[in-house]
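Below are the chains, spelled out letter by letter.
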Amino acid sequence: MSTISNTVAIPADDPRRNLVVKNLDNSNALHLAVVADTYTILLSGMDTAGRFTLIDMHVPPGGGPPPHRHDFEETFILLDGELQATFRGEKRIVRAGETVHIPANAPHQFHNASSKPVRMLCICSPAGQEEFFKEIGTPVAARTTPPPKVEAAQEAAFMKKVIEVAPKYRTELLKEA
């Protein structure tokens, strides 16, 4: 068998890295209430040598983060429902079966303006966003467990914390348009 001389050799297998199999319903899965949503960390940077993170997102009606941007790539694969996605100020509806890719540094937001929950997978590359969610989120029992109800003062304290720690995770919250 001959090889082409202009190709770059593929690195050898790293036996220190292991196969990772996660189950959403496994009691070891990390489910986090973040804003009004519930995010389940399927693969962390520890699982992927920092290459990416994979998060299962449950976004109830009215859910979704405020406008923001970050210096990493983000892709959403909608499995159920529909979202209003805002990209650089332009709004559009994204439905189950569609995939949305947000380039690094671009202002964006998603919001569930429908009456049904949305389920989507989120891939962030490189990894790190899951660490932000771990720092600001509240552990909950399952993938669809709603966030605990909070008083206005607790919500204000939460948003203050998010704004303070966001730069540590290469994220900037933006003002509403």
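Residues numbered from 1 in each chain as written. Predicted model: local features only at pLDDT ≥ 70, side-chain atom pairs only at ≥ 80, totals over all residues. Heavy atoms only, no water.

J.: Looking at this structure, how should I read the overall build of the protein?
T.: The helix and strand tally for the protein stands at 2 helices and 12 strands. Mapped in sequence order, the helices and strands of the protein form the string β-β-β-β-β-β-β-β-β-β-α-β-α-β. In terms of principal-axis extent, the alpha carbons of the protein reach across some 65 × 40 × 35 Å. Taking the intrachain contacts of the protein between residues at least 6 apart in sequence as the baseline, contacts between residues at least 24 apart amount to 72%. Summed over its atoms, the accessible surface of the protein is roughly 10800 Å², and 56% of this surface lies on carbon and sulfur atoms. The average position of the 19 basic charges and that of the 21 acidic charges among the side chains of the protein differ by 1 Å. (Helix = DSSP H or I, 4+ residues; strand = E, 2+ residues; numbered from the N terminus. Contact = heavy atoms within 4.5 Å. Areas by Shrake-Rupley, 256 points an atom, 1.4 Å probe, with all protein chains shown as cover. Lys, Arg positive; Asp, Glu negative; His and termini not counted. Charge placed at Lys NZ, Arg CZ, Asp CG, Glu CD.)

J.: I keep staring at the pattern of salt bridges and nothing clicks. Help me out?
T.: Close approach of charged atoms allows side chains of opposite charge to pair. Under the criterion given, the structure shown has 10 salt bridges. Asp56 is paired through a salt bridge with Arg143; the nearest N and O atoms lie 3.6 Å apart. Taken together, the residues span a long stretch of sequence, with Asp56 in strand β3 (residues 53-59) and Arg143 in the loop between β11 (138-139) and α2 (152-165) at a distance of 87 residues. In this structure, Asp56 and Arg143 share a single accessibility class: buried. Beyond isolated ion pairs, a larger network of salt bridges with shared partners links Asp56, Arg119 and Arg143. (Salt bridge = Lys/Arg side-chain N within 4 Å of Asp/Glu carboxyl O. Buried < 20%, exposed > 50% of the residue type's maximum accessible area, 1.4 Å probe, protein only.)

J.: I would appreciate a short explanation of the pairing of strand β1 (residues 30-34) in the present structure.
T.: Consecutive residues of a regular strand have side chains that alternate between opposite faces of the sheet. Summarising burial for β1: 4 of the 5 residues are buried, a large majority. Counting the residues in the hairpin turn of β1 and strand β2 (residues 37-43) gives 2 residues, including Val35, whose phi is positive at 55°. (Pairing = 2+ DSSP bridges.)

J.: It is not clear to me how the packing of aromatic side chains should be interpreted in this structure. Could you clarify?
T.: How two aromatic rings sit relative to each other is set out by the distance from centre to centre and by the angle between their planes. Considering all chains together, one arrives at 4 aromatic pairs under this definition. Aromatic pair Tyr39 and Phe133: ring centres 4.8 Å apart, planes at 55°, arrangement tilted. With Tyr39 in strand β2 and Phe133 in helix α1 (residues 129-136), this residue pair connects regions lying 94 residues apart in the sequence. For Tyr39, a relative accessible area of 2% corresponds to the buried category. Phe133 sits in the buried class, given a relative accessible area of 7%. Among the aromatic residues, ring-to-ring pairing joins Tyr39, Phe132, Phe133 and Tyr169 into one connected group. (Phe/Tyr/Trp six-rings, centres within 6.5 Å; stacked < 30°, edge-to-face > 60°.)

J.: Would you mind going over the side chain of Glu130 with me for this structure?
T.: Tracing the sequence through the fold places Glu130 in helix α1. One buried charge, Glu130, has no salt-bridge partner; the nearest side chain with opposite charge is Lys134, at 5.8 Å. Side-chain polar atoms of Glu130 contact the backbone nitrogen of Gly45, separated by 2.7 Å. Ignoring any residue separated from it by four or fewer positions in sequence, one finds Glu130 in contact with Ile41, Ser44, Gly45 and Thr53. (Polar contact = N/O pair within 3.5 Å; in protein donor to acceptor, adjacent residues only side chain to side chain.)

J.: Whenever I open this one, the nonpolar core confuses me. Can you help?
T.: Grouped burial of nonpolar side chains is what soluble globular proteins tend to show. Core analysis: the biggest nonpolar cluster contains 27 residues, and Met57, Phe76, Phe110, Met120, Phe132 and Phe133 have the highest contact counts within it. Of all elements in the fold, only β1, β2, β3, β5 (73-80), β6 (82-87), β10 (118-125), α1 and α2 reach the threshold of two or more residues within this core. With 4 residues, β10 is the single largest residue contributor to this core. Beyond its immediate stretch of four places on either side in the chain, Met57 contacts Thr38, Tyr39, Phe76, Phe110, Val118, Arg119, Met120, Cys122 and Phe133. Formed by 5 residues, the second largest nonpolar core is a distinct cluster that contains Leu42, Leu43, Leu54 and Leu121. (Core = buried A, V, L, I, M, F, W, Y, C linked by side-chain atoms within 4.5 Å.)

J.: What is the right way to look at unusual backbone geometry in this model?
T.: Note: most residues except glycine have negative phi, and most peptide bonds are trans. Pro126 follows Ser125 through a cis peptide bond whose omega is 0°. Mapped onto the elements, Pro126 comes out in the loop between β10 and α1. The backbone of Ala49 shows a phi angle near 55°, a positive value even though the residue is not glycine. As for its placement among the helices and strands, Ala49 is situated in the loop between β2 and β3.

The values reported here are purely geometric and, on their own, carry no functional implication.
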